[in-house]
Amino acid sequence: MKLSKKQFKQDFEERLTSKFATDITKAGSQEKYAALASVVKHYYTKIWADDNDYKDETGKKQAYYFSIEFLPGKMLKSNLLNLGILNTVKEALAELGINLDEVAESEPDMAIGNGGLGRLASCFMDSLASTGLPANGNGIRYRYGLFKQKIIDGYQVELPDSWLNNGNPWEVRRADKAVEVRFGGEVWLEDDGKGNLLPHYKNQERVLAVPYDTPMVGFENTTVNNMCLWRSEVPQDLDPKFQNLEYMRQTSMLSAELYPDDSNYDGRLLRLKQEYFFVSAGLQRIMRHYKSTHKKDVRNIADYIAVHINDTHPALCVPEFMRILVDEYGVGWNRAWDTTVKVMSYTNHTILSEALEKWPEDMVKHLLPRIYQIIVEIDRRRTAELLPKIGATLVHNTRIIRDGQIHMAHLSIIGSHSTNGVAKLHSDLLKDVELHDFYEIYPERFNNKTNGIADRRWIQISNERLSGVLDETIGTSWRHDLNDLVKLEVYKDDESVLECLQAAKYDDKLRLAALIKERNGIVVNPEAIFDVQVKRLHAYKRQLLNVLHILKLYFELKDEPELDVVPRVFIFGAKAAPGYHYAKSIIKAINEIANMINNDKTIADKIKVVFMENYNVSLAELIIPAANVGEQISLASKEASGTSNMKFMLNGALTMGTLDGANIEIFEAAGEGNNFVFGLTKDEVYEYYRNGNYNARDIYEQNPIVHRILDSFIDGTIPNISMEGPEIFDSLTTYNDEYFVLRDFNDYVRAQKELETLYRDKKAWTQASLMNIANVGRFSSDRTVKEYADDIWHIKAKK
Ligand code: 26M
């Protein structure tokens, strides 16, 4: 949009007065933020309304991305950038004596997601709007987002994230579009006299679902999509017998809290209720909108909508859509099923067995009696149809209901036309191993969609310094098409460009060093290697491997203080699920090791270890630009894709990584020698599983370095971990090191030495960094969502 500084200043000052009866000289930062957000919202409302009309009038097919999590972070700068007014507003504010960055800090992070899965959903929201694709989000408006992490005495302490306390300027409550979602009670079928069996209900629990819409503004275009988040409320006309406090409490609980679990299935009733709540509400709204705009036969709905199931949490989309078509619209079962499969598609985000959702049959039957009947019928018909064709074993292995449990991944695959993994390796594992039986039956349904990131947020907004260097070197076209970064390659030997890249990185490191000083009280050397591992804390991600390497360097320096090493700052950021005891022990150990090393005078600034508390999207935006190295060291086959790996690459960090997830594609894209690869391959890992011959204790007994490092967990060398030390020690020895940390240790050390050697050669290092930046184009989520649009959803971008 077009906007002059003069116009903006006028709008902003007026808004401060009308909202808060104050002016620039007296307003607090919260007031400035609220007024600014309100002005920005006003700027896009017209585009939003116009695009809604355009969508309704043209009636083109739209996609709906159902996700139990979104992780957008702050929205102010992203909206300013996408409207094309970021610089105008920044300059105008500066002329008023206001620093935009300071104002932006007042916005709370919108953190209604845990990690990779939720962040991916938000990257997709940005990219869908920015590529002009008509596609909307559907989720839950949790009153409390992911907990805030405090570190107290080295331990993680969780505080509630009350992100809505000051209101949310971006959302619009749409009370007129509320729908009702029903749970429990009894259901029976009666003939309607025309030969149709129709369900009748009694004693159902009724919940009102109220949608809150947040516009997703496209980058310098006219598309504004919608992220619809549902809030649960008590219906206005509730039967007095239900009007008691317990009922009210139960109802509001539905959208009260995000489950703080990442990659761990936990079969609690409230979680199942949340899943059905946002699925049913979302599908009902879609149907209403379809009826009001298309007035077409519901039998053709597959030509107008696509519904995406992001991991299995929204898998109830399949039976709920069947219920709506069959019970509410009188569509025959076969036609309804055909339509459902055409409309639905599913993404798998993990192969970890502890994360695969399976709900007890009884629980589903009691909470969702009609949905249960429909699932039983889907399973029964499919079994009858396939038995003669493919035989009992294959049918049994792929049943939706098995051993008293409902398998949500099976339901998702069977009830949709597309199942995709999130990186090449992951998609291959689905086909060849984890979902092989399904692949035999439905080979045409399986495909890969390698993840991507919303590059505008992860460089244009978060790394202005590097963005400026890129503009000066290759022009600004990369801001519209990330593939254009490849123009950088011809400057690989250009000393002045390499120096500019170095200077930018140095400035970003200074900025982070100041933050570390402020928050952790630790002084770090900006010349040191900034070696970063930021992600959820999980055993499979192997933060522990990083820790063992740090201890190795530490003991070497203790033995030989004059050793010539390149100084390093090891930076961690990680939240552990509150109930994940082992992960919390690792956090405690990292903090105690940090204290031990940082306070050891003989080490000086050769090694520093920094654990930054409360890792979230905003902190990522400060840490990643300053990284020299990104640690992506999961055991091969366990990390479905990873997405921080792409953010590091975009910001010119080199990857220290295993052959896992999207790392493989990153190594391939950046070219030989520009990253550091180590560790077992997925085939070697599976070979160990087949033979059952991994013996971690042998490594401990036979490798004196490993021996000494592990002993330091139990012999008092590392202080204050008398509980955690033995727990970690035992996990690696007695319990045979589930994620092969010790097996990969030597090769990790080898790769770390190569890294150190390359870092000493400043030019060679910067050239490798440049090659990473130049080849990051394919990891833009603009590319990813275009593939979803073309291959899965069959939707077209606005021209
Ligand atoms: C389940 C029920 C209710 C609430 C939350 C959950 C739940 C949330 C997240 C369960 C699992 C969750 O995480 C899976 C996940 O985050 N997977 C990651 O997905 C990323 C995006 O594809 C990948 O990059 C990561 O490798 C993968 O671990």
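Residues numbered from 1 in each chain as written. Predicted model: local features only at pLDDT ≥ 70, side-chain atom pairs only at ≥ 80, totals over all residues.

(A) Molecular detail of the overall build of the protein. If you tally the helices and strands in the protein, you get 31 helices and 25 strands. For 799 residues, the compact-globule estimate of 2.2 N^0.38 gives 28 Å, and the protein sits close to it at 27 Å. Considering only C-alpha atoms, the protein reaches an extent of 90 × 70 × 55 Å along its principal axes. Here the protein, with 799 residues, has 49% of them falling under the buried criterion. For the protein, contacts bridging at least 24 residues in sequence account for 76% of all contacts bridging at least 6. (Helix = DSSP H or I, 4+ residues; strand = E, 2+ residues; numbered from the N terminus. Rg over C-alpha atoms; globule rule 2.2 N^0.38 Å. Buried ≥ 20, exposed ≤ 12 C-beta atoms within 10 Å, placed from the backbone. Contact = placed C-beta atoms within 7 Å.)

(B) How the structure looks around the sheet that holds strand S22 (residues 607–611). Spatial strand order, S22-S21-S20-S23-S24-S25: 6 strands in an open sheet with parallel pairing. Two strands bound the open sheet, and with one partner strand each, they are S22 and strand S25 (676–677). In this sheet, strand S24 (residues 654–657) lies alongside strand S23 (residues 629–632) in parallel orientation, the contact comprising 4 bridges. Residue pairing across strands places Glu631 opposite Met656, the latter belonging to S24. Packed on one face of the sheet, helix H20 (residues 543–559) meets strand S20 (529–534), strand S21 (568–573), S22 and S23 and runs near 150° to S22. (Pairing = 2+ DSSP bridges. Axes fitted to C-alpha atoms, helices over the stretch in contact; angles between N-to-C directions.)

(C) Layout of the environment of Ile374. Among the secondary structure elements, Ile374 is positioned in helix H12 (residues 369–390). With 88 residues separating them in the primary sequence, Ile374 and Ile286 have C-alpha atoms 20 Å apart. Sequence-distant contacts of Ile374, defined by excluding residues within four places in its chain, comprise Pro319, Met322 and Arg323.

(D) Representation of the pairing of strand S6 (residues 155–161) within the structure. Note that strand S5 (residues 145–152) and S6 share 6 bridges and pair antiparallel. Its bridge partner lying in S6, Ile152 is registered against Tyr155. Here S5 hands over to S6 after 2 residues, with Asp153 in that stretch at a positive phi of 55°.

(E) Local environment of the site of the ligand. Near the ligand you find 24 residues, and of these Gly116, Leu117, His349, Ala640 and Ser641 are the closest. With 3 residues, helix H6 (residues 116–130) is the single largest residue contributor to the shell around the ligand. For the shell around the ligand, the two domains that each supply at least three residues are domain 1 (59–74 + 109–451 + 784–793) and domain 2 (455–779). (Near = placed C-beta within 6 Å. Domains from an automatic or database assignment.)

(F) Spatial organisation of unusual backbone geometry. The phi dihedral of Asp403 is positive, around 50°, even though this residue is not glycine. Examined against the element boundaries, Asp403 turns out to sit in the loop between strand S16 (401–402) and strand S17 (405–407). Residue Asp403 is classed as exposed on the basis of its 8 C-beta neighbours within 10 Å. Unlike most non-glycine residues, His794 shows phi in positive territory, near 55°. In this structure, His794 sits in the segment after helix H31 (781–793). On the neighbour-count criterion, His794 (14 C-beta atoms within 10 Å) is partly exposed.

(G) Focus on helix H10 (residues 333–343). Those residues of H10 that fall on the buried side of the exposure criterion are Ala336, Trp337, Thr339, Thr340 and Val343. Burial along H10 is one-sided: seen end-on, the buried residues are contained in an arc of 165°. In this structure, the buried side of H10 is in contact with strand S13 (305–310), helix H9 (317–328) and strand S14 (344–347). (Arc of directions from axis to C-beta.)

(H) Up close: the domain arrangement of the protein. Partitioning the protein into structural domains gives domain 1 (59–74 + 109–451 + 784–793) and domain 2 (455–779). One C-alpha centre belongs to domain 1, the other to domain 2, and the line joining them spans 35 Å. The partner domain 2 presents 33 residues to the 39 residues of domain 1 that form the contact. Sorting the residues of the side of domain 1 that touches domain 2 by element identifies strand S2 (70–73), H6, S5, S6 and helix H15 (424–434) as the ones contributing at least two each. Per-element tally for the side of domain 1 that touches domain 2: the top contributor is S5, with 5 residues. In the side of domain 1 that touches domain 2, the residues fall into 14 nonpolar, 15 polar and 10 charged. (Nonpolar A, V, L, I, M, F, W, Y, C, P; charged D, E, K, R; others polar.)

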